[in-house]
Amino acid sequence: MVEAVSGPSVLVVHHAGWTEITLNRPGRLNSFNVDMHQHLASAFADIESDDGCRAILITGAGRGFCAGQDLADRVGLTEAPDLGHTIETWYNPLIRRIRALPKPVIAAVNGVAAGAGANIALACDIVLAAKSAKFIQAFAKIGLVPDSGGTFTLPRLVGHARATALAMLAEPVSAEKAENWGMIWKAVDDADLMQDARAMAAHLAIQPTQGLGFIKQALNASATHTLDQQLDLERDLQRLAGRTPDYAEGVAAFMEKRPAMFTGKRQ
Ligand code: T3D
């Protein structure tokens, strides 16, 4: 394991085949300031170009996962801030990056995930949460609209009725309820969260990475595609998947009754 500190507000640790990112402003429940945005963007840029990184785990330092925007940066201004600008500059590119990354991204939600922090977690491919964690669409409490993809992701995960109430009432959802509603993959005992999340990242890091990327691409597209479009996309992606060395290895390993040794290498 090689540890590299990307910046004090974001910690990056490289493990064998996967990378752990920790949002690290615990005194403010890891809420975002520009420094944290910059370091997170830089960590993702590194991951995007690193074929050796085959899975990503995002978590938070201290008792929270992320409380969204640091509201201390939004007081004492002489005129109303252009929040559209900060969304366009920081939050939207982050969500696009997470969704477009052709590798699995796991969120280990260790504590409260509020505002953009909740929706960043929900943008990840697999969300594990500590049973003590909660998800809050906090925006309505300060007159804002769910951002970071919340109005896209939430209704698809929990349905229109629940998404509307969550967004308008800004009530917390416990990790266990989030699991029951299909909002996240699993709620686990607090003591097990990081061990389980790291084991999952290590497992994904030795799976057929390109195939996982194609799965992500297909599921991303299904949110807006017709059945016909989706069938065509599945055909095209299966064609590509069938040409990967990992597919050949998977079939060979099955026939030889041995564990597959996937490399994630491109054909
Ligand atoms: O502005 C733009 O660019 C637009 C983009 C917007 C994206 C957004 O995310 S908008 C939504 C922003 N987030 C919130 O509205 C959540 C605010 N926080 C809370 O509602 C609560 O802190 C929580 C429900 C998340 C947790 O409550 P609790 O009781 O567990 O903790 P706490 O005591 O409220 O917070 C602990 C400390 O963190 C506290 O500081 P202190 O008093 O110990 O010095 C608190 O002020 C600080 N903190 C928590 N969240 C934020 C924050 N400081 C700044 N910004 C925060 N978002």
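Calculation rules
Residues numbered from 1 in each chain as written. Predicted model: local features only at pLDDT ≥ 70, side-chain atom pairs only at ≥ 80, totals over all residues. Heavy atoms only, no water. Near = heavy atom within 4 Å. Polar contact = N/O pair within 3.5 Å; in protein donor to acceptor, adjacent residues only side chain to side chain. Areas by Shrake-Rupley, 256 points an atom, 1.4 Å probe, with all protein chains shown as cover. Helix = DSSP H or I, 4+ residues; strand = E, 2+ residues; numbered from the N terminus. Nonpolar A, V, L, I, M, F, W, Y, C, P; charged D, E, K, R; others polar. Buried < 20%, exposed > 50% of the residue type's maximum accessible area, 1.4 Å probe, protein only. Pairing = 2+ DSSP bridges. Right-handed = clockwise from strand over helix to strand, strands pointing away.

Undergrad: Honestly, the site of the ligand in this entry has me stumped. Any pointers?
TA: The ligand sits among 24 residues. The nearest are Q69, L71, R74, T86 and A116. Taking Q69, its main chain carries an N or O atom lying 2.8 Å from a nitrogen atom of the ligand. When the ligand sits alone it has 1,000 Å² of accessible area, and the protein chains cover 67% of it. Where the shell around the ligand is concerned, the elements lending two or more residues are α2 (83-100) and β7 (112-114). With 4 residues, α2 is the largest single contributor of residues to the shell around the ligand. Looking at the shell around the ligand residue by residue, the classes come out as 13 nonpolar, 6 polar and 5 charged.

Undergrad: Looking at this model, I keep getting lost on the pairing of strand β3 (residues 18-23). Mind explaining?
TA: Along any regular strand, the residues point their side chains to alternate faces of the sheet. Counting buried residues in β3 gives 6 out of 6 residues, a clear majority hidden from the surface. Burial of β3 is two-sided: the residues W18, E20 and T22 facing one way and the residues T19, I21 and L23 facing the other way are all buried. Of the pairings in the sheet, the one linking strand β2 (residues 10-15) to β3 comprises 6 bridges and is antiparallel in character. The residue of β3 that forms the bridge with H14 is T19. Counting the residues between successive antiparallel strands, the hairpin from β2 to β3 contains 2 residues, one of them, G17, with a positive phi of roughly 90°. Strand direction decides the pairing type here: β3 and strand β4 (residues 55-60), joined by 6 bridges, are parallel. From the neighbouring strand, E20 faces β4, where its bridge partner is L57. Handedness of the β3-helix α1 (residues 34-48)-β4 crossover: right-handed.

Honestly, that's just the spatial picture; any functional story needs more than this.
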